[in-house]
Amino acid sequence: MNIIIMGPPGAGKGTQADFIKEAFPIPHISTGDMFREAVAKESAMGLEAKKYMDAGQLVPDDVTIGVVEERLSQPDCKKGFLLDGFPRTIPQAEALDKVLAKLGTRVEVALNIAVPDQVLFDRMAGRVSCSNCKTVYNVKFNPPAKEGVCDKCGGELIQRSDDNADTVRNRLDVYNRQTQPLIEYYEKQGTLKTVDGNRDPEDVFRDIKRILESL
Ligand code: ADP
Ligand code: ADP
Ligand code: ZN
């Protein structure tokens, strides 16, 4: 089961990836999470990536593709994988196809979560996540039982530094220019499945589950 989950920032990729992971036991590979971990560790790659992330720009393709290639070559990806936030450019999609062909496999389904821009702004403004277990909440749409505290582990909830209004606007621009063309790329491959992401998370997942069960 080789799955890509795409959509603009704030569409609910991470939220749906958590549901998918529970129903289908495959590794969840989020390039955003990998970059945030590298930033926290202050590795050379992390310090490089941080400049782009803070500006709402994409980390350069050569860096990003290298990170993903290495992760996909690990043994746990043999049974399948869920790629979240990668590819985000045409060169990344082409590199992915090449790597998978070498491994004798391919992308089976590209899930595209569609959400209108105004909703995305509201979602990102309210997004907080656990500093310990990374669970994502929303102060407006999906609040924790106790303000500022993770339901699952009691960790502190924090806002991402790139979820401020200016950076969000940049990220949506970047999405429209660089990532949106992937919709046509996967449409042509016959693997694109678009779901309406402007509904309750459980309803969005019901559609995704049906698509994945039919693979
Ligand atoms: P969101 O969940 O808001 O879509 P992510 O957590 O996926 O954002 O990504 C956060 C940031 O990490 C991006 O704005 C970008 O700077 C960087 N990043 C993540 N994935 C990629 C990628 N595939 N290519 C380039 N940069 C990426
Ligand atoms: P992405 O990974 O695509 O950037 P997230 O999964 O982090 O998106 O979701 C962005 C924000 O919107 C989070 O605060 C999350 O709790 C909230 N959210 C996710 N899905 C929904 C939904 N279907 N309805 C309302 N809010 C949602
Ligand atoms: Zn937690």
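See the structure above.
What counts, and where the lines are drawn
- Residues numbered from 1 in each chain as written.
- Chains lettered and ligands numbered in written order.
- Predicted model: local features only at pLDDT ≥ 70, side-chain atom pairs only at ≥ 80, totals over all residues.
- Heavy atoms only, no water.
- Donors = N, O, S within 2.8 Å, 3.2 Å for Na, K, Ca; no water.
- Tetrahedral: all angles 85-135°; square planar, octahedral: opposite > 155°, others 65-115°.
- Helix = DSSP H or I, 4+ residues; strand = E, 2+ residues; numbered from the N terminus.
- Buried < 20%, exposed > 50% of the residue type's maximum accessible area, 1.4 Å probe, protein only.
- Pairing = 2+ DSSP bridges.
- Axes fitted to C-alpha atoms, helices over the stretch in contact; angles between N-to-C directions.
- Contact = heavy atoms within 4.5 Å.

Engineer: Whenever I open this one, the coordination of the zinc ion (ligand 3) confuses me. Can you help?
Structural biologist: Ideal coordination angles are 109.5 degrees for a metal with four donors arranged tetrahedrally and 90 or 180 degrees for a metal with six donors arranged octahedrally. At the metal site, the zinc ion (ligand 3) is ligated by Cys 130 (SG), Cys 133 (SG), Cys 150 (SG) and Cys 153 (SG), and these contacts range over 2.3 to 2.4 Å. Coordination geometry of the zinc ion (ligand 3): the four donor atoms subtend angles of 97 to 117 degrees at the metal centre, consistent with an arrangement described as tetrahedral. When the donor residues of the zinc ion (ligand 3) are listed from N- to C-terminus, their spacing reads C-x2-C-x16-C-x2-C. A residue pair is termed long-range when its members are at least 10 positions apart, and Cys 133 in the loop between β5 (127-130) and β6 (136-138) and Cys 150 in the loop between β6 and β7 (157-158) qualify at 17 residues. Cys 150 sits in the buried class, given a relative accessible area of 4%.

Engineer: It is not clear to me how the sheet that holds strand β3 (residues 81-84) should be interpreted in this structure. Could you clarify?
Structural biologist: Across a sheet, strands are paired by hydrogen bonds formed along the backbone, either parallel or antiparallel in direction. With parallel pairing, five strands are arranged side by side in an open sheet as β2-β3-β1-β4-β8. Where the open sheet ends on each side, the last strands, each with one partner, are β2 (28-30) and β8 (192-196). Taken pair by pair, the neighbouring strands of this sheet meet at an average axis angle of 20 degrees, ignoring direction. Summarising the sheet, strand β1 (residues 2-6) and β3 pair through four bridges and their orientation is parallel. In the sheet register, Ile 3 faces β3, and the bridge partner there is Leu 82.

Engineer: Help me out: how do you make sense of the sheet that holds β6 in this one?
Structural biologist: Taken in spatial order, the three strands make up an open sheet running β6-β5-β7, and their pairing is antiparallel. Looking along the sheet, the strands with just one partner apiece sit at the ends: β6 and β7. In terms of strand pairing, β5 meets β6 through three bridges, oriented antiparallel. Residue pairing in the sheet places Ser 129 in a bridge with Val 136 of β6. Here helix α6 (residues 117-126) sits on the sheet and contacts β5 and β6; the angle it forms with β5, its principal contact strand, is near 40 degrees.

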